[in-house]
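Working through the structure, step by step
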Amino acid sequence: MSWLSLSAVLLAVLLVGVRSIQYCAELKAAEAAGASGYVALQVAEGVATYSFELNLNSYKNSTPCDLHDGLKFHIHSYWNSNANGSAANAQCGSSYTGGHYDPNFACSSSSQSISTQCVSLGRVSPSYTYSCNTTVYASGKYSMCEVGDISGKHGTVYPLSTSNLQYNVNNFLDYLPPYTYNYLRQDATSLMWASFVFHCAQNSNRLVCAKFSATNLSPCQSAFDAMPSDAASSSSSSGISSGALAAAIVVPGLVLLAVGLALGFFVSKKSGILLRSAATNRA
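Residues numbered from 1 in each chain as written. Predicted model: local features only at pLDDT ≥ 70, side-chain atom pairs only at ≥ 80, totals over all residues. Heavy atoms only, no water.

**Some thoughts on the environment of cysteine 145**
Under the convention used in this document: Going along the chain from the N terminus, every DSSP run of H or I of four or more residues is numbered as a helix, and every run of E of two or more is numbered as a strand. Only protein chains enter the area calculation, which uses a 1.4 Å probe; residues under 20% of their type maximum are buried, those over 50% are exposed, and those in between are partly exposed. By definition in these notes, contact holds between two residues if any of their heavy atoms fall within 4.5 Å.
For cysteine 145, the location among the structural elements is in the loop between helix H4 (134–138) and helix H5 (150–154). The exposure class assigned to cysteine 145 is buried, which follows from its relative accessible area of 1%. Along the backbone, cysteine 145 and leucine 176 are 31 residues apart, and their C-alpha atoms lie at a distance of 8.4 Å. For cysteine 145, the contacting residues outside a window of four places in its chain are Ala106, Tyr130, Cys132, Asn133, Tyr137, Lys153 and Leu176.

**Considerations on the packing of aromatic side chains**
Rules: Only Phe, Tyr and Trp rings are paired, with Trp represented by its six-membered ring, and only when their centres lie within 6.5 Å; those with planes under 30 degrees apart are stacked, over 60 edge-to-face, the remainder tilted.
Enumeration over the complete set of coordinates arrives at 16 aromatic pairs. Plain terms: the ring middles of tyrosine 137 and tyrosine 142 are 4.9 Å apart, the flat faces sit at 45 degrees to each other, and that makes the pair tilted. Taking the relative accessible area as the measure of exposure, tyrosine 137 reaches 6% and is therefore buried. One aromatic cluster in this structure is built from Tyr23, Phe52, Phe73, Tyr101, Tyr183, Trp193, Phe196, Phe198 and Phe212.

**So, the state of the cysteines**
Here is the rule: Count a disulfide wherever a pair of cysteine sulfur atoms falls within 2.5 Å.
The full count for this structure, using the stated rule, is five disulfides. Disulfide partner of cysteine 24: cysteine 220, at an S-S distance of 2.0 Å. With the S-S bond torsion at 75 degrees, the cross-link from cysteine 24 to cysteine 220 turns out right-handed. One end of the pair, cysteine 24, is in strand E1 (residues 21–27); the other, cysteine 220, is in the loop between strand E8 (206–213) and helix H6 (221–226), and 196 residues separate them in sequence.

All quantities given are derived from atomic positions and should not be read as evidence of function.
Here you go:
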């Protein structure tokens, strides 16, 4: 590959990093014991935006839980539940959805890596305490939270009223987003993520769950439309404007392209000189 081609490819890779990537997890009443709703996830410029609506008014709960006491919610590692895209109760268990997505090994007791890497790192009780909460997260100590522990960062979500078991989150910004290259993909050095699970806040029982899709986005479209187009600058805590971030990505890419052009010109000119010299010597 020529220097020009290589520079163009690298610049394209840098520019692609600016675009947003969206995922949607839909809960269907016929699959999730009467629960319905969606979870919309958008990742752009290193920031995740979450919105969801969950209606449990017709949910048939088979596990003990007072739904008025709120829900916790997390990204989980797998989706082995069934051919459907959503499920409930036992079909959301660890053998179906795995543990929390935890690629950085913050290691709560529900981490997918709790019996492997967390043990190797000594991040297990009683010598280690997982300490993610809204205060810790708001202070900027993002690494203390699992990537998938969304309610740890956001806080418990409660129903709209005692008579309406509807749960909503709108445009929660998360500066510790899931790695998009790990969506449904795992290798020797990285862990995958696949699903979203809602838990009873009282006892952590798994209630309903759904698989993320990168192609069936229509159930979440209204939420995507309402998300800020500039997630990185829509909160003052980020401290970086979209323009500055784009410049930080694109300018080095343009410099790299210019260097590639210069090197390509130099190499081509040098090659031409050598070829003419060899032809002269042969003559």
